Every structure is written in C-alpha cells, then in structure tokens.
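Commentary on secondary and tertiary structure
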Amino acid sequence: MKANYHTHTQRCMHAIGNDEEYVLSAIKAGFDELGFSDHSPWKYDTNFVSGMRMPLSQFDDYYESISHLKEKYADKISVKIGLECEYFEKYMPWLENFIQEKKLDYIIFGNHYYQSDEHGIYYGRAVRQERYMKAYVDDCIAGMKTGLYSYLAHPDLFMRCYDRWNDYLQSESYRLCKAAKELNVPLEYNLAGALYNECYGTKNGYPNIDFFKVAAEIGNDVIIGLDAHDNEDIEKEWYYEDAVRVLDDLGIHRIDTIRFLR
Ligand SMILES: [Zn+2]
Ligand SMILES: [Zn+2]
C-alpha cells in the first residue's frame, strides 16, 4: 500500500494548495491512502497566538472540509483526518480530550518546541546546546509514552543544528531509538527535509543517514512521511522512490500504514 500521513493545509499559514488539490495530487501520484495532519491548534493558558499552526477557531472548518473530501473521493482514495501535535506536558489533558471529542483518526508527533511555543524555544535551533538536545530526546520519550501518537515525525530534527555527526548525537540517538522500539512507536523518514536540502543545496538537516543507521541497528519500524506543505510535493514521486531505496539499503523494516485511534 502507498500511503502518506503527513500532510499540511493552508491553515497553518506556511503551506500552499487547497485541501482538494492535495487529494487530487495524491490520487495522481498513486496513493491508496492520504492522511491530513496539519499543525495542531492548542488551547493556551495565555493569549499567545502562534504563527505556524491553525487557530483553534479553524479546526471545525478543517474537519468538515476533510470529511467532505473523504466522502467525495471514497472510490478513489482513502482519506484520514489527523493532526501533527507536539508534546506540551501541561496541555496534554486538553489535547487528549480534544482528539477524542473531535473523533480524529490519528495524530502524529512533531516535537518542535521546548515546553510550548509560547516561550519560543524551537528545538530545531536550540539543540545546539547539549541541555536542549537532552530535553528534545526526553520530550520525545515522554510523548511516545502517552501512547497517543501513531508515529514520531522527523525524529532527527536536531540535525538542523549539526553539519556532522558526533558521539553525543550517536548516544542520544540510541536512547531515542531504543525507547521508540520498546514503546512500539514507528519513526518517520521525512521527505520535506530531503526536498529542502535539495532546493537549498544544504547537506545538514534531516533525514540523516547516521541517525537511520542507528534505527537500523535497533530494529525500529520506519515510515516515509512527505510532510507536504505544497500539494505538488506529493507528485514528486522520485523522492518517495529514493527514500524506499535508502531504507532498503540500510536493511530497515519499513512500514506503510499506521495505528489509528478508532
Ligand atoms: Zn509545517
Ligand atoms: Zn509536518
């Protein structure tokens, strides 16, 4: 089965293409299943407004739009409704309740911020300091322990800060991969990172081969995620094919579907 569970929409304010165009691109590229997982809204204690996720007030529109597409294209593709959520410890009771109440099919885990984005510490920059690298892995593990997330997106996000591998990253990667294996949470091989590196000629960032060598050794399940922020990204099939080749060469156990909440 060809599936992708990491798809954004314009509501997060940094994606292009309307909802239907994403579905049409996925049909064109031969996907059997497409899951939408736009950046989750959160109900903050403060009046903070995030610039990179849908406001809570747009969630119902998101749900209705994707539900409509689910029905409209039911004979051509299976469409699922999810969200990409962080693990913000103090807001987890709210999130848990929200995903049940709203009847989401699944959520994926994108560990982007330390504690919450209200404080603005983005792991993709902060992990340059060892204490944040440790906190990143600690949060990944705490989040995976909740059992709520179907997989961990771009687990190697920390490579945004490093242009070469080192012993510290190796040992923290072991810690992360071992926990994921024990908790039975698949890891994502993220294609938005591959696309970014190709567009900007950068070599650092993710997906990182050294990280996935660790995952191969530990025996993690790995799933390819497009992390599409543009419906046309879904049609760039060579990225998907290339990822399959890389993972096969590493001898990684690749999975193509996920565990759903209901
Ligand atoms: Zn995004
Ligand atoms: Zn994403």
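The coordinates are above.
This is a predicted model, so every value here is computed, not measured. (Residues numbered from 1 in each chain as written. Chains lettered and ligands numbered in written order. Predicted model: local features only at pLDDT ≥ 70, side-chain atom pairs only at ≥ 80, totals over all residues. Heavy atoms only, no water.)

In this section: the coordination of the zinc ion (ligand 2). The protein atoms that coordinate the zinc ion (ligand 2) are His-6 (NE2), His-8 (NE2), Glu-84 (OE) and Asp-227 (OD), at distances spanning 1.9 to 2.4 Å. For the zinc ion (ligand 2), the four donor atoms are set out with angles of 80 to 170° between them, so the coordination reads as irregular. Donor residues for the zinc ion (ligand 2) sit on one chain with the sequence pattern H-x1-H-x75-E-x142-D. The two metals, the zinc ion (ligand 2) and the zinc ion (ligand 1), are separated by 4.5 Å. Of this pair, His-8 sits in the loop between β1 (3–4) and α1 (19–28) while Asp-227 sits in the loop between β6 (221–225) and α9 (231–234), and the two are 219 residues apart along the sequence. (Donors = N, O, S within 2.8 Å, 3.2 Å for Na, K, Ca; no water. Tetrahedral: all angles 85-135°; square planar, octahedral: opposite > 155°, others 65-115°. Helix = DSSP H or I, 4+ residues; strand = E, 2+ residues; numbered from the N terminus.)

Mapped onto the elements, Phe-48 comes out in the loop between β2 (33–39) and α2 (59–72). Judged by relative accessible area, which is 27%, Phe-48 ranks as partly exposed. Linking Phe-48 and Asp-117, residues 69 residues apart in sequence, is a C-alpha distance of 8.8 Å. (Buried < 20%, exposed > 50% of the residue type's maximum accessible area, 1.4 Å probe, protein only.)

It is worth spelling out the side chain of Ser-25 at this point. Residue position: Ser-25 is located in helix α1. Look at Ser-25 and you get buried, because its relative accessible area is 2%. Not counting chain neighbours up to four residues away, the residues in contact with Ser-25 comprise Asn-231, Glu-232, Ile-234 and Glu-235. (Contact = heavy atoms within 4.5 Å.)

Evaluated as defined, the whole model comprises 25 aromatic pairs. With a centroid separation of 5.8 Å and an interplanar angle of 85°, the aromatic rings of Phe-31 and Tyr-240 are classed as edge-to-face. Of the two residues, Phe-31 is situated in the loop between α1 and β2 and Tyr-240 in helix α10 (residues 237–250); the sequence distance between them amounts to 209 residues. Judged on exposure class, the residue Phe-31 and its partner Tyr-240 are both buried. Each ring, one from Tyr-114 and one from Tyr-123, has its centre 6.1 Å from the other, and the planes form 75°; the classification is edge-to-face. An aromatic cluster of at least three residues, connected via ring pairs, comprises Trp-42, Tyr-44, Phe-48, Phe-59, Tyr-62, Tyr-63, Phe-88, Tyr-91, Trp-94 and Phe-98. The ring of Phe-31 is capped by Lys-2, whose NZ or CZ atom sits 4.6 Å from the centre of that ring. Seen from the ring of Phe-260, Lys-80 lies directly overhead, with NZ or CZ sitting 4.5 Å from the centre. (Phe/Tyr/Trp six-rings, centres within 6.5 Å; stacked < 30°, edge-to-face > 60°. Lys NZ or Arg CZ within 6 Å of the ring centre and 35° of its normal.)

In this section: the sheet that holds strand β4 (residues 106–109). Strand order across the open sheet formed by four strands is β1-β2-β3-β4, with parallel pairing between neighbours. The sheet is open, and its two borders are formed by β1 and β4, each paired with just one other strand. Inspection of the sheet shows β1 paired to β2 by two bridges, in the parallel sense. Residue pairing in the sheet places Asn-4 in a bridge with Leu-34 of β2. Contacts between α2 and the sheet are confined to β2 and β3 (78–85), with β3 contributing the most and set at about 155° to the helix. (Pairing = 2+ DSSP bridges. Axes fitted to C-alpha atoms, helices over the stretch in contact; angles between N-to-C directions.)

The side chains of a regular strand alternate between the sheet's two faces. Burial along β4 is two-sided: Tyr-106 and Ile-108 and Ile-107 and Phe-109, pointing in opposite directions, are all buried. The pairing of β3 with β4 spans four bridges and is classified as parallel. Bridge assignment links Gly-82 to a residue of β4, and that residue is Tyr-106. As for the winding sense of the linkage, the β-α-β connection from β3 through helix α3 (residues 92–101) to β4 is right-handed. (Right-handed = clockwise from strand over helix to strand, strands pointing away.)

Think of it this way: four donors in a tetrahedron around the metal ideally sit 109.5 degrees apart, and six in an octahedron ideally sit 90 or 180 degrees apart. On the protein side, the zinc ion (ligand 1) has His-14 (NE2), His-39 (NE2) and His-229 (NE2) as donor atoms, found 2.0 to 2.2 Å from it. All donor residues of the zinc ion (ligand 1) come from one chain, and their arrangement in sequence is H-x24-H-x189-H. Take His-14: its relative accessible area is 37%, and that puts it in the partly exposed class. With a relative accessible area of 4%, His-39 lands in the buried category.

Listing the buried residues of α1 in full gives Asp-19, Tyr-22, Val-23, Ser-25 and Ala-26. Viewed end-on, α1 has its buried residues packed into an arc of 160°, placing them on one side of the element. Check the buried side of α1 and you find it contacts β2, α2, β3 and α9. Capping of α1 at its N-terminal end is provided by Asn-18; its side-chain oxygen lies 3.1 Å from the backbone amide nitrogen of Glu-20. Two residues or fewer past α1, Gly-30 is found with a positive phi of approximately 80°. (Arc of directions from axis to C-beta. Polar contact = N/O pair within 3.5 Å; in protein donor to acceptor, adjacent residues only side chain to side chain.)

This part takes up the environment of Arg-164. Within the secondary structure, Arg-164 is located in the loop between α5 (130–145) and α6 (167–183). What makes Arg-164 exposed here is its relative accessible area of 65%. When the C-alpha atoms of Arg-164 and Asp-138 are compared, they prove to be 22 Å apart, with 26 residues separating the residues in sequence. Sequence-distant contacts of Arg-164, defined by excluding residues within four places in its chain, comprise Met-159 and Leu-169.

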